[in-house]
Amino acid sequence: RSAQLTIDPAFAIGPADRRIFGSFVEHMGRCVYGGIYEPGHPTADSRGLRRDVLDLTREMGVSVVRYPGGNFVSSYRWEDGVGPVGDRPRRLDLAWKTIETNAFGLDEFMTWATEAGVEPMMAVNLGTRGVQEACDLLEYANHPGGTQLSDLRRKHGAEEPYGVRLWCLGNELDGPWQVGHKTADEYGRLAAETARAMKMIDPSISLVACGSSNRRMPTFAAWEATVLEHTYEHVDYISAHTYYDPSDGDRASILASAVDMDNFITDVVATADHVAAKQRHTRKLKISFDEWNVWYESRLKADLDRRGWVEAPALIEDDFTAVDAVVVGDLLITLLRHADRVGVACQAQLANVIAPIRTRTGGPAWRQSIFHPFALTARYARGTVLRTEPVSPTYETKRYGDVPVLDTVAVHDEETGELAVFAVNRGSDDLPLELNLRGLPELRPREHLTLAAGADPAATNTEAEPERVTPRQLTTPTTDGGRCTVRLPACSWNLLRFA
Ligand code: AHR
């Protein structure tokens, strides 16, 4: 069994948008407190920002960070998190049954985002709040000055407006678990009115309407259609969220998770285009895939059940395996392959909570297995995403039926002339891959990096052993007239670089 892949720069999908390499910081568990922010930590700066986590965030190549939630935002009062820290109220966070101290808020996040070199993506509360509070937050953040709220920001030390460009109109309001859960019509109306008002304050912003919380929601697709009937002309993106749970041990299926993400994207695009056709819009809407990851979700209930109201408890601190890293690499391949319609994507979350970066409070920070495919993809997926039609053997899965063993995407950087091919072998045997670089015959292979899970699929990185799962270098293949054959190890994520 072997697979074939032809790469031709004539077949372009679109530019690899840096915003696809986004992440997410929610007030949940130890993502903020003990994650990115920990006053008194040996690496913390005078503002309490952990420098070790900042360094890893930059190393990962994160472009955009969504904040402050997630489910948290749906009962959040943003005003609680600004002004003198001693005056900020302690509140019940209903989403995660947690005490929120509000020691960290909007101004601290903006300082952190600047230090991390990331673009902020702010979510407004459309669960328990509405048009006015969203406008107030936007005025505080983006209006230059001379009004009560913009002057309040200046008084708090931020003379210049933050200029936040990306805004989410609420979070997962299709979900019955959401505080302030709504029907599609209720949410669609509220989102449209909020969008109209926000764009009156700052017409340069881009807005994201809430799509479905996942593709299995009973309202999936109908929700998107109704919401977009209300909002299409006012928004720039429709969101999508998905998590893949490996808890049942069905490795063949979890390795095929990207097949589901691929179908999810196709379904949302079809629904958005249907509304566009009906309402005679020529502008194509993009997807903001602003929550995605592997998540051992079945463990959440136990985390929430075992305690009362506490501050920043450890929540869903999943230890990711080598297999999970292969899945994450494949989900990134899928997002890139849809570069023409996916404009933003955020892996959820950044630190500790189902995260590529783990920390111990008072202790070190380390890279989980899933850190590596993210960092390498963000680093090398530059330029134009090329359309490829791999020829691949298939295998049988319980969840998704027959699926290809091989998944790939190629990105060509016209400026440097470099080509990066990302490839996943989902199978349990090594897979020979024959590459035909038609149209780029002058390119020579420079590097073959692999993160292979075949030998030790359950391996994880821990504080004691933080480098157990890392990519390793394989022998660089040789080309003959633009053709070469590489061996993709069993159950592996691969990066092949040509220059
Ligand atoms: O990322 C964890 C949670 O998952 C988010 O708060 C929510 O939006 C989603 O259900």
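Everything numeric here is computed off the predicted structure, so don't read it as measured data.

Quick notes on the rules
- Residues numbered from 1 in each chain as written.
- Predicted model: local features only at pLDDT ≥ 70, side-chain atom pairs only at ≥ 80, totals over all residues.
- Heavy atoms only, no water.
- Pairing = 2+ DSSP bridges.
- Helix = DSSP H or I, 4+ residues; strand = E, 2+ residues; numbered from the N terminus.
- Axes fitted to C-alpha atoms, helices over the stretch in contact; angles between N-to-C directions.
- Contact = heavy atoms within 4.5 Å.
- Near = heavy atom within 4 Å.
- Polar contact = N/O pair within 3.5 Å; in protein donor to acceptor, adjacent residues only side chain to side chain.
- Areas by Shrake-Rupley, 256 points an atom, 1.4 Å probe, with all protein chains shown as cover.
- Nonpolar A, V, L, I, M, F, W, Y, C, P; charged D, E, K, R; others polar.
- Salt bridge = Lys/Arg side-chain N within 4 Å of Asp/Glu carboxyl O.
- Buried < 20%, exposed > 50% of the residue type's maximum accessible area, 1.4 Å probe, protein only.
- Domains from an automatic or database assignment.
- Buried area = accessible area lost by both parts, 1.4 Å probe.

Visitor: Go over the sheet that holds strand S10 (residues 237-244) with me, naming the residues and quoting the values.
Guide: The sheet built from eight strands closes into a barrel, its strands ordered S3-S4-S7-S8-S9-S10-S11-S13 with parallel pairing. Along the sheet, successive strands turn relative to each other by an average axial angle of 30°, direction set aside. Relative to the sheet, helix H5 (residues 184-201) contacts strand S7 (119-124), strand S8 (166-169) and strand S9 (206-209), its axis offset from that of S8 by approximately 150°.

Visitor: Any chance you could break down the site of the ligand for me, citing the residues and the numbers?
Guide: The ligand sits among Phe24, Glu26, Met28, Gly70, Asn71, Trp96, Asn171, Glu172, Tyr243, Glu291, Trp295 and Gln349. Within the side chain of Glu291, one N or O atom sits 2.7 Å away from an oxygen atom of the ligand. Look at the ligand: alone it shows 290 Å² of surface, and the protein chains cover 95% of it. Across the shell around the ligand, the residue classes tally to five nonpolar, four polar and three charged.

Visitor: Explain the pattern of salt bridges to me, using residue names and the numbers behind them.
Guide: Tallied over the full model, the rule gives 42 salt bridges. With a shortest N-O distance of 2.9 Å, Glu291 and Arg66 are connected by a salt bridge. Here Glu291, found in strand S11 (residues 286-294), pairs with Arg66, found in strand S4 (residues 64-67); they are 225 residues apart in sequence, far enough to count as distant. Note on Arg66: relative accessible area 1%, which makes it buried. The salt bridge partner of Arg341 is Asp273, with a shortest N-O separation of 2.8 Å. Residue Arg341 is located in the loop between helix H10 (322-337) and strand S13 (342-348), and its partner Asp273 is located in helix H8 (residues 257-279); the two are separated by 68 residues in the primary sequence. Connected through shared salt-bridge partners, Asp262, Asp330, Arg337, Asp407 and Arg426 make up one network.

Visitor: I'd love a proper account of the domain arrangement of the chain, names of residues and values included.
Guide: Domain boundaries assigned for the chain yield domain 1 (3-9 + 385-498) and domain 2 (17-380). One C-alpha centre belongs to domain 1, the other to domain 2, and the line joining them spans 30 Å. Of the residues lining the interface, 38 residues belong to domain 1; the matching set on domain 2 comes to 39 residues. Together domain 1 and domain 2 conceal approximately 3,200 Å² of surface at their shared face, both sides included; 65% is due to carbon and sulfur atoms. The largest contributions to the domain 1 side of the interface with domain 2 come from Arg399, Tyr400 and Glu463, which together make up 20% of the buried area. Joining domain 1 to domain 2, the criterion identifies five salt bridges. Across the pair Asp248 and Arg399 runs a salt bridge whose closest N-O atoms are separated by 3.2 Å. For the side of domain 1 that touches domain 2, the per-class residue count stands at 22 nonpolar, seven polar and nine charged.

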